[in-house]
Amino acid sequence: MRTITYRQAINEALAEELERDPNVVIMGEEVAEYNGAYKVTEGLLDRFGDKRVVDTPISEAGFIGMGVGASMLGVRPVMELMFWSFAYVAFDQMINNAGCVRYMSGGLIHCPIVVRGPANGGTNVGATHSHTPENFIANTPGLKVVCPATAADAKGLMKSAIRDNDPVYVMENTLLYGEMGEVPDGDHTVPLGVAEVKREGSDVSLIAHGRAVITALKAADVLAGEHGIQAEVVDLRSIRPLDEETVLRSVRKTNRAVLVDENKPFCGVSSQIATTIQEKAFDHLDAPIMRVNSLDAPAIYSPPLEEIQLPSPERVIEKVIAVCQ
Amino acid sequence: MNSAIDHASAPINQKLGPDDKVGLLRQMMRIRRFEQASLKQYQQGKMGGFLHLYIGQESVAVGTISLQGENDHIITAYRDHGHALAVGMSMNACMAELYGKVTGCSKGKGGSMHYFAPDRNYWGGHGIVAGQTPLGAGLAYGLKYQGIKGSCLCYLGDGAINQGAYHESLNLAALFDLPVIFVIENNGYSMGTSQKRSSAFKSCLAERADGYNIEWDRVDGEDLYEVRAKTQVAIERAHEESRPTVLEIATYRYYGHSVADANSKKYRSPEEIEHYKTHHDPVNLWKQRLIDEGVLDEATAKSVDKEAKDEASAAVRFAEESAFPEPRAILEDVYYEVDEATEAGRTGKHFFND
């Protein structure tokens with residue numbers, strides 16, 4: 001076990017998969033000579049050369065679509081979006097083509113493509129660069145989407161995503177790139193569709209994904225230390241496929257659920273989780289399911305206000321106390 | 001026909017024997033008869049959705065795809081029946097797809113706009129205007145990445161050239177030296193909007209390729225020899241130089257944008273349509289050319305046409321008699337890993353119906 005950054009963990013995953021499979025090719029804006037806008041691909045060009053690590057023009061619809069087309073022939077492109085917000089100019093390629101071609105061909109085609117990059121608010125870059133589209137992607141059968149919160153999960157999920165034969169969209173977080181975490185040695189993979197209990201607890205389940213897991217863990221510390229409430233933190237890790245069982249097991253144990261994520265509330269991931277809980281664990285609930293999401297407006301620029309807009313430990317604690325009374 | 005150059009004498013056309021030439025006629029007749037049969041059944045309410053007919057444009061798919069080699073790939077938009085038959089897909093599977101039957105080429109999941117046959121290097125069949133053009137660049141990228149000498153013929157309509165995806169594809173194709181040939185099938189109308197009302201251009205639509213340093217050419221689509229000769233130049237450029245080409249092939253569609261195009265006879269005059277049918281029909285012109293060359297007679301032409309018609313009728317019967325997919329098919333062919341029952345496919349919940 002080593003302690004490395006979330007960024008380094010992804011870099012290792014990419015390097016190891018480039019090494020393992022000659023069909024893997026890294027493509028995106030500034031991924032090669034510039035070493036990555038966020039340095040996630042640092043050193044890969046030097047190590048693997050310009051056939052395997054390819055700079056593209058600023059042309060998301062073009063190069064993502066090109067990756068989808070190449071993947072139909074068996075190439076395994078790992079495409080970097082400098083921001084997931086830029087996916088919106090490539091949505092036709094990502095949804096209509098990557099997401100639907102298998103179905104429309106009656107299963108004759110599959111697209112082993114990965115699209116990865118940061119999808120988060122909290123960096124004061126305004127609404128156009130702060131989107132969290134995991135709920136949009138999860139709404140498209142045919143696509144898979146994962147949101148790692150820790151270095152170990154970032155590496156393990158990335159490796160599984162690259163080996164998967166369906167399109168997998170990996171949503172990272174610029175605020176996590178520098179976070180340190182323990183990562184198992186060797187060929188560390190984390191399967192898609194498996195959640196993880198990041199902290200055990202008995203009084204309430206905090207169900208989160210992405211950076212909101214860190215927020216929930218901070219809240220759980222305070223709840224235990226100052227309020228005598230033992231919160232369990234469930235990290236979904238993978239949104240689609242989804243590990244419903246781990247969520248339900250936790251709720252059946254704690255009888256309370258507060259859902260925490262940085263999606264907007266309307267039809268966000270938490271909406272689906274809430275539905276699942278009320279359909280399958282209704283009799284176990286001692287309180288209404290509550291949610292803590294980004295406040296329901298475009299991402300604001302003003303730094304102190306953006307902090308308020310995103311889920312914070314304080315907002316989580318407030319909701320937990322309300323359901324635990 | 002372009003009288004200045006005799007495209008029949010191009011080496012690629014000199015290679016054609018009498019049977020090959022009649023074979024090209026047969027392919028065009030098959031496409032026309034298939035589509036006439038499908039139109040008749042559509043009008044009787046046998047199928048849903050849209051039906052974008054290719055009638056009038058047959059020489060484009062047949063001429064270009066007649067040059068397809070082992071590593072040449074094909075991708076097109078939603079007016080895709082002609083290309084499908086030209087690559088060798090069966091009328092039965094194509095007709096059954098229109099009916100939404102399980103015997104359809106996509107098991108009834110794609111419909112008219114979404115035919116696929118990867119085993120014949122045919123990658124669709126795509127519904128969004130110009131959405132297939134980055135995929136075409138990607139197929140070419142894949143060939144190049146894998147070190148295979150091949151090409152991708154990526155078809156689009158004249159209405160597609162104003163989409164950003166097409167321009168992004170041109171830039172990538174030139175930048176990365178991709179062996180892709182963008183074939184603009186210019187039938188003059190972007191749905192109901194004429195070329196003049198939809199596209200800004202100097203001499204022609206293909207000329208935009210100049211801005212990307214891509215070779216381009218204009219082609220008279222009613223002359224099969226010209227279509228083949230100029231496409232062959234592009235294919236050789238792809239194979240030998242790994243460079244893209246844009247071809248603009250002038251053609252015409254007899255029917256509306258789709259059969260559901262209520263204004264199909266309003267945005268162009270009946271005289272215009274009749275004039276094309278009478279003087280420029282690619283099937284008739286090719287037939288007459290072969291008669292003039294002495295490799296075909298009327299009786300043979302009639303029997304080729306009858307065979308095509310009978311084949312289409314049989315395809316209708318096949319589609320009629322085929323079953324619809326079982327309801328469980330709705331949830332199949334969504335995820336590879338689930339369909340193949342791999343460990344990844346069994347891990348986590350993939351569908352959320354209950």
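The rules behind the values
- Residues numbered from 1 in each chain as written.
- Chains lettered and ligands numbered in written order.
- Predicted model: local features only at pLDDT ≥ 70, side-chain atom pairs only at ≥ 80, totals over all residues.
- Helix = DSSP H or I, 4+ residues; strand = E, 2+ residues; numbered from the N terminus.
- Buried ≥ 20, exposed ≤ 12 C-beta atoms within 10 Å, placed from the backbone.
- Contact = placed C-beta atoms within 7 Å.
- Domains from an automatic or database assignment.
- Nonpolar A, V, L, I, M, F, W, Y, C, P; charged D, E, K, R; others polar.
- Axes fitted to C-alpha atoms, helices over the stretch in contact; angles between N-to-C directions.
- Parallel < 35°, antiparallel > 145°, perpendicular 65-115°, else oblique.
- Left-handed = near helix turned anticlockwise from the far one by under 90°.
- Pairing = 2+ DSSP bridges.

Would you mind showing me how to read the overall build of chain B here?
When helices and strands are counted, chain B shows 14 helices and 8 strands. C-alpha extents for chain B along the principal axes are approximately 70 × 50 × 40 Å. In chain B, which comprises 354 residues, the share counted as buried stands at 53%. Nonlocal contacts in chain B, meaning residues at least 24 apart in sequence, comprise 74% of its contacts between residues at least 6 apart.

Mind showing me how you'd approach the domain arrangement of chain A here?
Accessible area lost upon the coming together of the parts serves often as the stated size of an interface. Residues and elements named next belong to chain A. With domains assigned, chain A is organised as domain 1 (2-183) and domain 2 (196-324). Computed over C-alpha atoms, the centres of domain 1 and domain 2 are 26 Å apart. Contact with domain 1, which involves 23 residues of that partner, is made by 23 residues of domain 2. Of all the elements in the fold, those that place two or more residues in the side of domain 1 that touches domain 2 are helix 6 (134-138), strand 6 (144-146) and helix 7 (151-163). Of the residues assigned to the side of domain 1 that touches domain 2, the class counts are 11 nonpolar, 9 polar and 3 charged.

Help me out: how do you make sense of helix 9 (residues 244-254) of chain A in this one?
For an α-helix, the turn length of 3.6 residues means that residues three or four places apart are oriented alike. Turning to helix 9 of chain A, its buried residues are Glu244, Thr246, Val247, Ser250, Val251 and Thr254 of chain A. On its buried side, helix 9 of chain A packs onto strand 9 (196-199), strand 10 (204-208), strand 11 (231-235), strand 13 (257-260) and helix 10 (269-280) of chain A.

Hey, could you run me through the packing of helix 3 (residues 60-72) of chain A against helix 6 (residues 132-145) of chain B in this one?
Two measures define how a pair of helices packs: the angle their axes make with one another and the distance between the axes. Interaxial distance between helix 3 of chain A and helix 6 of chain B falls to 6 Å at its minimum, and their mutual angle equals 55 degrees. Overall, the two elements helix 3 of chain A and helix 6 of chain B adopt an arrangement that is oblique. In the crossing of helix 3 of chain A with helix 6 of chain B, the sense of the turn from one axis to the other is right-handed. Contacts between helix 3 of chain A and helix 6 of chain B pair Ala61, Gly62, Gly65, Met66, Gly67, Val68, Gly69, Ala70 and Met72 of chain A from the former with Pro134, Leu135, Gly136, Ala137, Gly138, Leu139, Tyr141, Gly142 and Tyr145 of chain B from the latter. Tallied by class, residues from the contact of helix 3 of chain A with helix 6 of chain B come to 11 nonpolar, 7 polar and no charged.

Just checking my understanding: could you explain the sheet that holds strand 3 (residues 151-157) of chain B for this structure?
Two pairing modes exist for strands in a sheet, parallel and antiparallel, and in both the strands are linked by backbone hydrogen bonds. Residues and elements named next belong to chain B. Across the sheet, 6 strands lie side by side as 2-1-3-4-8-7; this open sheet has parallel pairing. Looking at which strands have only one partner, the edges of the open sheet turn out to be strand 2 (122-125) and strand 7 (215-220). Neighbour to neighbour, the strand axes of the sheet diverge by 15 degrees on average, direction disregarded. Looking at chain direction, strand 1 (residues 72-76) and strand 2 are connected through 2 bridges and run parallel. From the neighbouring strand, threonine 76 faces strand 2, where its bridge partner is glycine 125.

Whenever I open this one, the interface of chain B and chain A confuses me. Can you help?
Residue-level contacts link 40 residues of chain B with 43 residues of chain A. At the level of secondary structure, the elements contributing two or more residues to the side of chain B that touches chain A comprise strand 2, helix 6, helix 7 (164-175) and helix 13 (336-339) of chain B. If you tally residues by element for the side of chain B that touches chain A, the top one is helix 6 of chain B, at 10 residues.

Honestly, the sheet that holds strand 13 of chain A in this entry has me stumped. Any pointers?
All names here are of chain A. With mixed pairing, the 5 strands of this open sheet are ordered in space as 9-11-10-13-14. Each edge of the sheet is formed by a strand with only one pairing partner; in this case those strands are strand 9 and strand 14 (290-292). Taking each pair of neighbouring strands and ignoring which way they run, the sheet shows an average axis angle of 25 degrees. Examined bridge by bridge, strand 10 and strand 13 share 4 bridges and lie parallel to one another. Its bridge partner being in strand 13, alanine 208 is matched across the sheet by valine 260. On top of the sheet, helix 12 (residues 313-324) reaches strand 10, strand 11, strand 13 and strand 14; it is set at about 175 degrees to strand 14, its chief contact.

Where do I start with the environment of serine 250 of chain A in this structure?
Examined against the element boundaries, serine 250 of chain A turns out to sit in helix 9. It is 38 Å that separates the C-alpha atoms of serine 250 of chain A and glutamine 93 of chain A, two residues lying 157 residues apart in sequence.

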